[in-house]
Amino acid sequence: MSSNPVVNREPQPWWRFGHVWLVIAGPVIVVIAGFVTLWLAISRPDPVVAEDYYRKGLEINQTLAQPEKSLAPALKARNHAATPAGDQPR
C-alpha cells in the first residue's frame with residue numbers, strides 16, 4: 001500500500017479561476033468601449049457646414065489675391081515680435 005492516500009476533490013466552477021476572468025476581461029472592455037463610442041457619436045453630432053461655404057471661400061481667395069493688404073498686420077507683428085518693449089512702434 002502507498003503512504004499517500006488519493007484525495008477526491010470536487011471540481012471547482014469555472015468562475016473560481018482567475019485566469020478565466022483575465023481572458024474574458026479583454027473582449028468585455030472592447031465591447032463597453034464600443035458602446036461608449038457609439039453613445040458619444042449619437043449624443044454629439046458633427047456641426048453642419050455653413051450653407052454659404054462657397055461664397056466664403058471665394059471671399060478668402062479675393063483677400064489672398066491682395067497680399068500687401070491681407071498680410072500687413074501679420075508682417076508688422078512678426079517683425080516686432082522679438083523687439084524689446086521700449087523699441088516697439090506705438
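Conventions and cut-offs
- Residues numbered from 1 in each chain as written.
- Predicted model: local features only at pLDDT ≥ 70, side-chain atom pairs only at ≥ 80, totals over all residues.
- Heavy atoms only, no water.
- Helix = DSSP H or I, 4+ residues; strand = E, 2+ residues; numbered from the N terminus.
- Expected span 1.5 Å × (residues − 1).
- Bend = angle between axes of the 7 residues up to and from the residue.
- Patch = residues over 30% accessible without salt bridge, like charges linked within 9 Å, V, L, I, M, F, W, Y side chains within 5 Å.
- Areas by Shrake-Rupley, 256 points an atom, 1.4 Å probe, with all protein chains shown as cover.
- Salt bridge = Lys/Arg side-chain N within 4 Å of Asp/Glu carboxyl O.
- Buried < 20%, exposed > 50% of the residue type's maximum accessible area, 1.4 Å probe, protein only.
- Phe/Tyr/Trp six-rings, centres within 6.5 Å; stacked < 30°, edge-to-face > 60°.

A. Seen up close, helix H1 (residues 18–43). Under the 1.5 Å per step criterion, the end-to-end length of H1 is 37 Å for 26 residues, consistent within 8% with the ideal 38 Å. For H1, the principal kink sits at Ala 25 and spans about 30°; a proline, Pro 27, occurs within the next four residues.

B. Molecular detail of a nonpolar patch on the surface. A contiguous nonpolar surface patch, about 920 Å² in accessible area, is contributed by Trp 14, Trp 15, Trp 21, Ile 24, Val 28, Ile 32, Val 36, Trp 39 and Leu 40. Look at Trp 14 and you get partly exposed, because its relative accessible area is 49%.

C. Seen up close, the packing of aromatic side chains. This model, assessed by the stated rule, comprises 2 aromatic pairs. Plain terms: the ring middles of Trp 14 and Trp 15 are 6.0 Å apart, the flat faces sit at 85° to each other, and that makes the pair edge-to-face. Under the relative-accessibility criterion, Trp 15 is labelled partly exposed at 48%. Aromatic side chains Trp 14 and Trp 21 sit 5.7 Å apart centroid to centroid with 35° between the ring planes, which places their arrangement in the tilted category. Through a chain of ring-to-ring contacts, the aromatic side chains of Trp 14, Trp 15 and Trp 21 assemble into a single cluster.

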